[in-house]
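Results of the structural survey
Residue strings, one per chain:
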Amino acid sequence: MKTACLLLLAAGAAHAAPAATVKVNQLGFAPAAHKLALAPAGAADGFEVVDAASGKTALRAALGAPAVWEPSKETVRLADFSSLTRPGRYRIRIAGLPLSDSFAIGPAPNRELNAAALKAYYFNRAGTALGAGHAGVYARAAGHPDDKVLVHSSAASAARPEGTLIASSKGWYDAGDYNKYIVNSGISSYTLLAAFEHFPAYFGRQRLNIPESANALPDILDESLWNLEWMLSMQDPNDGGVYHKLTNKRFEGMVMPEQASGEPRYVVKKSTAAALDFAATMATASRVFKPYGRQLPGLSSRMLDAAERAWRWAEANPAQYFVNPPDVATGEYGDKNVDDERAWAAAELYISSGKDSYYTALKPASVDATVPTWSDVRSLAWMSLAHHRARLTPIADQALIAARIDSLAAVLAEQWKGSPYRISMADAQFVWGSNAVVLNQSMMLLQGYRMNRKRAYLDAAQSGLDYVLGRNATGHSFVTGFGARPPLHPHHRPSQADTVEAPVPGFLAGGPQPRQQDKADCPVPYPSALAGLSYLDHVCSYASNEVAINWNAPLVYVTAAIDELTKAEPMEKPDDMLALIARQEQTLQFDSFDNRTALALGLTLVELARADRLPVTIDITRDGQVLFHHALDGAANDQANWIRRKSNLVKLTGHSSFYTHTEVKSQGGDIDAIPTLDPIDYAAHGGAFPLTVKGVGMVGTITVSGLPGADDHALVVRALASHLKRDVAL
Ligand code: G3I
Ligand code: 9MR
């Protein structure tokens, strides 16, 4: 077992930056990113960015005006070096101060960090050995098989009385402890799935070297599945209710998983929050795993079914608020307001099932937008609705969805702009897990940016990442193994109990917060009582230096999003294009669609194609039945397979195939090798378009094939616009 450097810490925080230092993201920036550093107010008025190797000046500029940041009571000045875009390794130089930590400017600066933040979940897998081939020096034996878990008295039912043994294996350990909690698993798994849904190309390229890396699924989905399978086992098949947690009665000691006490583990009381978080997460997973029917037969529909059963249990048991039974002392994740959980579950069920009744149950007008935490998940609903907005049924209030996303981002960006530290954090936000508050703020700012490209939202989100990577009052990078001064002694049992000096990499520490609930358990005092400085890099400090799956999740999301959204390619064009296609899809909808409509529409298309002598094949299918099919003169005879693959994509996504094509291209992806799609059955080429009936949703597809994708698409749009007598931009 290792001991923390008590002496050094007592002598004044061994790894903390000295007070008067320049603070900067210790990892790096994309060339197009907003780039800020913080300087303590002093004699100098200007700063230089110098090449780290040669010391040559790359940029010289003035510092901003001095201002006091309340959470640390420092007087600081901003150094804005956004105009420096040349890739390289640099430091900031200010007369009278030590040189800053070095940082990089270059493409995808967060790729390795993102992979490590994801791999951290593998390192926290319960119930399995981590082999040296995957875990390196952090290899360890299996602990907590959880194949025989007791039903606790608080969870007893007629079908499963107290003491019944159930199997509930796999899952991730929640944090520095060895228990597994549904509420926290929900938001964590969801955030990873959303990261994948939003940036599939990025994660398609991410290689984690986990045991499943060789299979057909992207690693992020394999890793998520490890936890989702455990979550599924936490649902009581008899009634659809979900146990709140799987836990020992008390926290284990600071030992490796395989050395744990062996004391019994229990599933404890079903709760409404657990059922709703479970429903939301499973509904999300059901759509993310849908394209993998061949690899995981039946999984997607099993997930949706589990989600609906949990929802019904919660409807019948709307106020089962969890509190620890008297004999259980582990993490509580208690929550007496489950309106937000209900809204989130309703939203995900609506998106995945297409049933309008769930949209109504969401009570959208009464749900505002806040920064997500395990106990407040309402904005996950907005985030999912916004991402899927182009494929929602007409009942969805599109303006409301856009307004919720934008208003939260606008408030956060306003706070960011007004903050001397350029971070949307005031004293009140410094709670247990404050670093994840920062990153969840960034995640919501990024939703705003994805929706309307207001540059301030992206810049403010970047600032959140800068903050956890070093531009904060403590001068730490808060991710183990990354940056110049990462946490060395996180409250993480394996990191503490193994024989390796360095902690397991890729974990975000909870972060500063002034309540210091662990003070009595700590042999050394915190360095400060100020909110932004109340952080202790000591293993005792579960209130500021623990790790947790829900804190790593926004780190995964934000690092990927920032890499993708600050890419060098101009973003305007493909996104304008996407908006245009989405508008076409919104405009070109039918009041009704019968066999005659198909014939008339097909003939319109034939006319248009003939006029231009286009050798295309046309297909109109409703509910799986071909209602119109015609090959014009000169059409190639290999079009059936293209039509099948392009229209399959429309059936899967609800979008025209040209939309998906454009989306993937704008994210730098390969349209012929989308990691989520089997090319045998799907083609992301233009030409297939959803046939949508207002108030009903998608009823079929119309496909043109034979020309380059963009031309096939344009022909379909022209025919629809002409048939429906609507004006639409091409
Ligand atoms: O909500 C109040 C807020 O209104 C108030 O202004 C603020 C003042 O500091 O406190 C807020 O509540 C805090 C809450 O976290 C914020 O989310 C509580 O004081 C604080 O005690 C609570 O801490 C939770 C902690 O468990 C203790 O229950 C953390 O959120 C939660 O992340 C943490 O989770 C633990 C699990 O129980 C066990 N496994 C490890 C995990 C991470 O430490
Ligand atoms: O290790 C526990 C950590 O995971 C929890 O977040 C934290 C708060 O519930 O509690 C930790 O366990 C401590 C316990 O609460 C008090 N005694 C010391 C334990 C840490 O070794």
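Just so it is clear, the structure is predicted and the values come from calculations on it, not from any experiment.

What follows deals with the overall build of the chain. Each helix and strand in the chain was counted, giving 21 helices and 17 strands. In terms of overall size, the chain behaves like a compact globule, its C-alpha atoms giving a radius of gyration of 27 Å where 730 residues would be expected to give roughly 27 Å. By its C-alpha atoms, the chain is 85 × 70 × 50 Å across when sized along the principal axes. Considering only contacts within the chain whose residues lie at least 6 apart along the sequence, 72% involve residues at least 24 apart. Surface exposure of the chain reaches about 26,500 Å², of which carbon and sulfur atoms provide 54%.

On to the packing of helix 8 (residues 299-316) against helix 9 (residues 339-353), then. In a packed pair of helices, the relevant descriptors are the angle between the two axes and the axis-to-axis distance. Remark: helix 8 packs on helix 9, axes separated minimally by 11 Å, with the N-to-C direction vectors making an angle of 145°. When you trace helix 8 past helix 9, the crossing you get is left-handed. Here Leu304, Ala307, Glu308, Trp311 and Glu315 of helix 8 come into contact with helix 9, specifically with Arg342, Ala345, Ala346, Leu349, Ser352 and Ser353.

Next up on the list: the site of ligand 2. Neighbouring ligand 2 are Asp177, Phe251, Trp432, His491, Arg493, Asp521, Tyr542 and Glu546. Taking arginine 493, its side chain carries an N or O atom lying 2.9 Å from an oxygen atom of ligand 2. Between glutamate 546 and ligand 2, the recorded distance is 2.7 Å, taken from a side-chain N or O atom to an oxygen atom. Coverage of ligand 2 by the protein amounts to 64% of the 450 Å² it exposes when considered alone.

A general tendency of soluble globular proteins is for nonpolar side chains to be buried together. In this structure, Phe203 and Phe289 are the most contacted members of the largest nonpolar core, which totals 154 residues. Grouped together as the second largest cluster of nonpolar side chains are 30 residues, Ile618, Val693, Val704 and Leu724 included.

The next subject is helix 20 (residues 657-666). Burial runs high along helix 20: nine of the 10 residues are buried. For helix 20, the complete set of buried residues consists of Ser657, Phe658, Tyr659, Thr660, His661, Thr662, Glu663, Val664 and Ser666. Glycine 668 sits one or two positions beyond helix 20 and adopts a positive phi of about 80°.

Its 15 residues give helix 6 (residues 219-233) an end-to-end C-alpha distance of 22 Å, which sits within 8% of 21 Å, the value for a rise of 1.5 Å per residue. The largest bend in helix 6 amounts to roughly 25° and is located at leucine 225. Across the 15 residues that make up helix 6, a large majority, 13, are buried.

Pairing is mixed across the open sheet formed by five strands, whose spatial order is 10-9-13-12-11. The open sheet terminates on both sides in strands that have one partner only, identified here as strand 10 (165-166) and strand 11 (180-181). Alignment of strand 12 (residues 243-247) against strand 13 (residues 266-270), held across four bridges, turns out to be antiparallel. Across the sheet, threonine 247 pairs through a bridge with tyrosine 266, a residue of strand 13.

What counts and what doesn't
- Residues numbered from 1 in each chain as written.
- Chains lettered and ligands numbered in written order.
- Predicted model: local features only at pLDDT ≥ 70, side-chain atom pairs only at ≥ 80, totals over all residues.
- Heavy atoms only, no water.
- Helix = DSSP H or I, 4+ residues; strand = E, 2+ residues; numbered from the N terminus.
- Rg over C-alpha atoms; globule rule 2.2 N^0.38 Å.
- Contact = heavy atoms within 4.5 Å.
- Areas by Shrake-Rupley, 256 points an atom, 1.4 Å probe, with all protein chains shown as cover.
- Axes fitted to C-alpha atoms, helices over the stretch in contact; angles between N-to-C directions.
- Left-handed = near helix turned anticlockwise from the far one by under 90°.
- Near = heavy atom within 4 Å.
- Polar contact = N/O pair within 3.5 Å; in protein donor to acceptor, adjacent residues only side chain to side chain.
- Core = buried A, V, L, I, M, F, W, Y, C linked by side-chain atoms within 4.5 Å.
- Buried < 20%, exposed > 50% of the residue type's maximum accessible area, 1.4 Å probe, protein only.
- Expected span 1.5 Å × (residues − 1).
- Bend = angle between axes of the 7 residues up to and from the residue.
- Pairing = 2+ DSSP bridges.

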